[in-house]
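# Overview (structure and organization)
Here's the letter readout for the chains.
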Amino acid sequence: MPMLRDRRILITGGARGLGRAFAEAAIAAGARVAIADILEDAGRATAEAIGAVFAPVDLAVPESIEACVAAADAALGGLDGLVNNGAITNSGGKGMADLDPQTWDRVMAVNVRGTWLATRAALPALRASGRGRVVNIASDTALWGAPRLLAYVASKGAVIAMTRSLARELGSDGITVNAVAPGLTLVEATEYVPADRHRLYVEGRAINRTQVPDDVCGAVTYLLSDAAGFVTGQLLAVNGGFVMH
Ligand SMILES: NC(=O)c1ccc[n+]([C@@H]2O[C@H](COP(=O)([O-])OP(=O)(O)OC[C@H]3O[C@@H](n4cnc5c(N)ncnc54)[C@H](O)[C@@H]3O)[C@@H](O)[C@H]2O)c1
């Protein structure tokens, strides 16, 4: 039987990159999917191309998150899963001395507060599902301490810590909460990453090759499925063995 048959899943940041790949994988596994993104044109085009529904959202704005989750809930007739994937991914390149507080605040608002608020907005639907699943997309940069990426790394460290507290808070509702930490993955958003950082990853992995979005889909699909029903509060690094924790 397909792993996600009839599951209703909302994936934030699904217009492109990893989020789009997770959406395609979930649909291939039998799920019905809503994708949400601040990129409205790209989000609608992706939704149409892959057979998902689209709900616009700005994860920096609490009311926008509420409206988005309500729209996804209504369109799918409930929610069994939420993938908190939407994030600001392009804040790197500056050392800590040159990072400006506005960038720091915006990254925290979207990546950390947005993850909390999306989970909170989805809570009644996930509770009603009886088999709710939350998958938070972290990053292995928070595990090895990537330099010149401080706001992002701090935000992903917070996502990992929140995953553990949320798992304890939501366990009695039958909801699991786990995190996936991808390594540097080849997508539009990482084209700006300098070649030496890409090389560091390829050479430092146990499996010495470039990471692509498909490499991460199995972990996300698994954590959304019945197979992971007793797995909660965990962090799964998917990075070809670059960081082992
Ligand atoms: N690609 C990598 O190397 C890598 C590595 C580790 C973790 N990640 C994580 O994977 C996830 C997906 O990243 P990606 O690599 O596909 O990059 P990406 O920038 O393409 O994806 C992020 C998505 O979130 C959306 N988004 C940004 N701000 C938003 C906002 N305020 N409201 C709503 N949506 C917003 C973007 O439009 C985009 O579609 C992110 O959480 C990222 O931190 C990526």
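Residues numbered from 1 in each chain as written. Predicted model: local features only at pLDDT ≥ 70, side-chain atom pairs only at ≥ 80, totals over all residues. Heavy atoms only, no water.

### Describing the pattern of salt bridges
Quick note on the threshold: Salt bridge, as used here, is a side-chain nitrogen of Lys or Arg placed within 4 Å of a carboxyl oxygen of Asp or Glu. Secondary structure follows DSSP: runs of H or I at least 4 residues long count as helices, runs of E at least 2 residues long count as strands, and numbering of each begins at the N terminus. Only protein chains enter the calculation, and the probe is 1.4 Å; a residue is then buried if its accessible area is under 20% of its type maximum, exposed if over 50%, and partly exposed in between.
For the structure shown, the criterion picks out nine salt bridges. Here Glu-40 and Arg-44 are joined by a salt bridge, their closest N and O atoms 3.2 Å apart. Highlighted residues: Glu-40 and Arg-44, both in helix H2 (residues 40–50), separated by four residues, approximately one helical turn. Residue class for Glu-40 comes out partly exposed when judged on its relative accessible area of 37%. A relative accessible area of 43% places Arg-44 in the partly exposed class. With its nearest N and O atoms 3.8 Å apart, the salt bridge here joins Asp-80 to Arg-131. On the criterion of sequence distance, the pair formed by Asp-80 in the loop between helix H3 (62–76) and strand E4 (81–84) and Arg-131 in the loop between helix H4 (101–129) and strand E5 (133–137) is long-range, its members being 51 residues apart. Given a relative accessible area of 2%, Asp-80 falls into the buried group.

### A closer look at the environment of Pro-124
Along the chain, Pro-124 falls in helix H4. For the pair Pro-124 and Gly-78, spaced 46 residues apart in sequence, the C-alpha separation works out to 9.4 Å.

### Some details on the packing of aromatic side chains
Selection criterion: Centres within 6.5 Å make a pair out of two Phe, Tyr or Trp rings, where for Trp the six-membered ring is used; the pair is then stacked when the planes are under 30 degrees apart, edge-to-face when over 60, and tilted otherwise.
For the structure shown, the criterion picks out three aromatic pairs. With centroids separated by 4.1 Å and ring planes inclined at 25°, the aromatic side chains of Tyr-201 and Phe-242 adopt a geometry described as stacked. With Tyr-201 in helix H7 (residues 195–204) and Phe-242 in the segment after strand E7 (235–238), the pair connects residues that are 41 residues apart, well separated along the chain. Residue Tyr-201 shares its accessibility class with Phe-242, and that shared class is buried. Each residue in the set Trp-144, Tyr-201 and Phe-242 is aromatic and connected to the rest through ring pairs, giving one cluster.

### Observations concerning the packing of H4 against helix H6 (residues 150–170)
Short version of the rule: Whenever a helix is involved, its axis is fitted only over the stretch in contact; in every case the axis is a line through C-alpha atoms, and angles between N-to-C directions fall within 0 to 180 degrees. Oblique is the label for every angle not falling under 35 degrees (roughly parallel), over 145 degrees (roughly antiparallel), or within 65 to 115 degrees (roughly perpendicular). We call a crossing left-handed when the near helix sits turned anticlockwise from the far one by less than a right angle, and right-handed when that turn is clockwise. Whether two residues are in contact is decided by their heavy atoms, any of which lying within 4.5 Å being enough.
Where H4 meets H6, the axes come as close as 8 Å, and the angle between the chain directions of the two elements is 20°. By the angle class used here, H4 and H6 are roughly parallel. Judged by the twist between their axes, the crossing of H4 over H6 is right-handed. Along the contact surface, H4 presents Trp-104, Val-107, Met-108, Asn-111, Val-112, Thr-115, Trp-116, Thr-119 and Leu-123, while H6 presents Leu-150, Ala-151, Tyr-152, Ala-154, Ser-155, Lys-156, Ala-158, Val-159, Met-162, Leu-166 and Leu-170.

### Some points on the site of the ligand
Filter applied, for reference: Nearness is judged by heavy atoms alone; a residue qualifies as near a molecule or strand once a single heavy atom is within 4 Å of it. Polar contacts, as counted here, are pairs of nitrogen or oxygen atoms within 3.5 Å of one another; within protein the pair requires one atom able to donate a hydrogen and one able to accept it, and residues that are adjacent in sequence qualify only if both atoms are side-chain atoms. Exposure was quantified through the Shrake-Rupley algorithm and a 1.4 Å probe, taking into account, for residues, occlusion by the shown protein chains and nothing else. Note that Gly is not counted as nonpolar here; it falls among the polar residues with everything else outside the nonpolar set of Ala, Val, Leu, Ile, Met, Phe, Trp, Tyr, Cys and Pro and the charged set of Asp, Glu, Lys and Arg.
The local shell around the ligand holds 28 residues, among which Arg-16, Asp-37, Thr-89, Tyr-152 and Thr-185 are the closest. Contact between the ligand and Asn-85: an oxygen atom at 2.7 Å from a main-chain N or O atom of the residue. Tyr-152 is positioned with one of its side-chain polar atoms (N or O) 2.5 Å from an oxygen atom of the ligand. Protein burial of the ligand: of its 810 Å² of free accessible surface, 95% is covered by the chains. Secondary structure elements with two or more residues in the shell around the ligand: helix H1 (17–28), H4 and H6. Across the shell around the ligand, the residue classes tally to 14 nonpolar, nine polar and five charged.

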